[in-house]
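Tertiary structure, described
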Amino acid sequence: MTSTAYRPQTDYLQQVERATARYDERAGAREQTRQVIDEQGVLHADAPDRVTKRLARLGADWSLATTLEGTPRRATTGRSLPGLPPDSFGADVLGLERLMGRNDLIDVRFLETGYLAARSVGRICVRAPEAHYGTGFLISPSLMLTNNHVLAGLQEAERGVIEFNYQAGIDGQTMLPMVFDLEPGRFFVTDHDLDFTLVAVADRSRTGEGLDDFSWLRTSEAQGKVILGEMVNIIQHPNGEPKQLALRENQVVDLLDHFIHYATDTSPGSSGSPVFNDQWEVVALHHAGVPLKDSDGHYLSVDGSPWRPEMGEDQLAWKANEGVRISQVLQAVRQAPVSGPATDLRARLFEAAAPPLTPPGVPQSLPDGRPELAAPAGTDGALHLTVPLHITVGITAPTVSSTAPPAATTGVGGAPSAAPAAVAPVNGHISPAETDLKAALAGLDAGRDRTYFDAEADQAARQAYYAGLDGTGLGRALTDLLEHTHERRPAYQPIRMLYPWVDLHPDKQLRSIYSGQVFAPEDFIRADAAVEAARIQRWQELILRETALGPEALTAEMDALEAALAYNCEHVVPQSWFAKHEPMRGDLHHLFACETTCNSFRSNIPYFDFTDVQEVVRTSCGRRETQGFEPSAGKGPVARATLYFILRYPGLVGDVTAELQPDQLGTLLSWHEADPVTPYEQHRNFAIAEIQGNRNPLIDHPEWARDIDFTHAWS
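Here is a short report on the structure shown in this document. Just so it is clear, the model here is predicted, and its values are computed rather than measured. (Residues numbered from 1 in each chain as written. Predicted model: local features only at pLDDT ≥ 70, side-chain atom pairs only at ≥ 80, totals over all residues. Heavy atoms only, no water.)

**Focus: the packing of helix 12 (residues 474-484) against helix 17 (residues 635-648)**
It is the contact of helix 12 with helix 17, at a shortest axis distance of 8 Å, that shows an interaxial angle of 85°. Classed by the angle they form, the pair helix 12 and helix 17 counts as roughly perpendicular. Between helix 12 and helix 17, the contacting residues are G475, L478, T479, L482 and E483 on the first element and Y644, L647 and R648 on the second. Within the contact of helix 12 with helix 17, the residues separate by chemical class into 4 nonpolar, 2 polar and 2 charged. (Axes fitted to C-alpha atoms, helices over the stretch in contact; angles between N-to-C directions. Helix = DSSP H or I, 4+ residues; strand = E, 2+ residues; numbered from the N terminus. Parallel < 35°, antiparallel > 145°, perpendicular 65-115°, else oblique. Contact = heavy atoms within 4.5 Å. Nonpolar A, V, L, I, M, F, W, Y, C, P; charged D, E, K, R; others polar.)

And the structure:
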């Protein structure tokens, strides 16, 4: 069989010509980009909004990134920040340094997750006439993506198969591939201009293996997956050969509306290959190379002689690659006319949750971010627990005693005070939480001279956000909008995501949402760091002491630790109402600074309006009885945050009697109307939209409150 390049005068050569024309037209812009990267760094080469989205997707922020970028470059791979020792940061800082071209170190998980990503990639073989090879990859449980010039039509797809595991094994020998037929009769969408084909794959191979034995890659329309100057990776079957990897040798040099250019001095990508960033997210569908030409405009072969089509694609001399941006492919698939069962297959592409890229034997995370507790039965009949000690809670760990954990001391107004000791390594290693503390303080410092609220920019963003709404079916329309635009979903991490900027008031201070008491943001940052240190210490001691505890008991212990050592952060929709799952747990729209005494006083009971004749428990936090809680302050903000949550996550509130019920909706609407939106909430809304992508409609359009039909949220 021959490769696609052995098909003279085919669509492949037309795609090469178009890619070359686009590349040549952008020579000036590309040269300017290269100069900025060389002189200023990657953070300055792309548009600021795109860089911001990229940093947000990496879980980083401008303050940490610019702090790193502002330090002198080092000839070695060591890192340096003012006043901080080199080599004192975790994988996220290494990621930022790689992004900025300062460091080539990659933690080993990169290779392990890359191996799993590679399982979704297979070799496409199309039988005669015009037999040829290509590369394809699974992007849903049933659908495979490749180029239009690999599978141009239904008949060609019907002659095609995809082979998985066609690669060298650990012994160096080629593995036996598993062959799956393509089923274009079930689903087939193609686009000549964007050069993609999406086709269904048989559920079982010709020898009986299940397609679900192989990974598939969740693709996203969200921005922020790659910026100018980053390196990308390509997994491919070049010229029909066993699976190979072009590892971090292609640098992104241009981003067009529909295409992406990445320069290389090695062989090109194979037609239909996935192009990945360093987090193994698909950023593009590779479809064409940009060949070298002589002075007369003729393509050159690798030996410098003029190239002829019959010589084959592998004999072309290349200078760059072009891919189709995956966001553009997905938008075209959304708009393609399909019917019948194909509609359901397309829906699964956009709705199904992809399998995690977690290597075998590596503990995965539960929905609330805690480690999964693997409990295989041992040969001795006992239950053996594998429990990782790197608790993925994301808050820093100050120094603690090796014999007893520190108790959370009480500061002004019941807020726990920060431990005076410095942040220290955990188990002899630099804690990733140390980076969180440094980043939070750096973000706080960067915000001191930052404009608190840009009303003009907010108005423009607000108008653009709701431009497509027509006012009919407003409740369901807003639910769809909030979910679709919730592009980035940070995990629950108030120390970095909430206190340094999002929840600040105009005086750059924090105020408890229930009591209104004022706190310095640095106090909350350091206090929560001390609390997290105590959590980690006690958890480690528990594991060492209680080796026979089962998974359910360990989960209960974790819950007890969180209750005993609480953060200064309130979920206005209590975590127990959604089982501490993400993205609800980390959704910033319903997180507020709140001293632990008020947090505990409210507990998980719904909001309520009390009359003066009722006897209730009263504190500076508010009034409480078994039927509900009425805060002393913040009624408008908590009402609008709760209404947002009801719209964003329909069906999660009010499914048990102890939660907010539909007949209590009037209380929230009354609080909303009696306590109008302030610049504080507008600042929060704009800042959160920069991070997550979605906005709170009750802040942007308070007048909509009585027009929104919330009943679908309880259905």
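What follows picks up the thread again.
**Some remarks on the packing of aromatic side chains**
By convention here, two paired aromatic rings are described through the distance between centres and the angle between planes. In total, this model carries 20 aromatic pairs according to the counting rule given. Ring centres 5.1 Å apart and planes at 35° place the aromatic pair F110 and W280 in the tilted group. Of this pair, F110 sits in helix 6 (residues 109-118) while W280 sits in the loop between strand 11 (274-276) and strand 12 (282-291), and the two are 170 residues apart along the sequence. Across this residue pair, the class does not change: F110 and W280 are buried. Measuring from ring centre to ring centre gives 6.3 Å for Y452 and W501, while their planes differ by 65°; the resulting arrangement is edge-to-face. Within this pair, whereas Y452 is found in the loop between helix 10 (432-446) and helix 11 (455-465), its partner W501 is found in the loop between helix 13 (494-497) and strand 14 (510-511), the two being separated by 49 residues in sequence. Both residues of the pair, Y452 and W501, belong to the buried class. Each member of the aromatic cluster is reached from another via a ring pair, and the members are Y514, F601, Y607, F629 and W671. Its guanidinium or amino end placed over the ring of F259, R22 lies 3.7 Å from that ring's centre, counting from NZ or CZ. (Phe/Tyr/Trp six-rings, centres within 6.5 Å; stacked < 30°, edge-to-face > 60°. Buried < 20%, exposed > 50% of the residue type's maximum accessible area, 1.4 Å probe, protein only. Lys NZ or Arg CZ within 6 Å of the ring centre and 35° of its normal.)

**A short note on the side chain of R22**
Secondary-structure assignment places R22 in helix 1 (residues 11-25). Judged by its relative accessible area of 17%, R22 is buried. Of the polar contacts made by the side chain of R22, one reaches the side chain of E322; its length is 2.7 Å. Among all residues touching R22, those that are not within four sequence positions of it are L256, F259, H261, H287 and E322. (Polar contact = N/O pair within 3.5 Å; in protein donor to acceptor, adjacent residues only side chain to side chain.)

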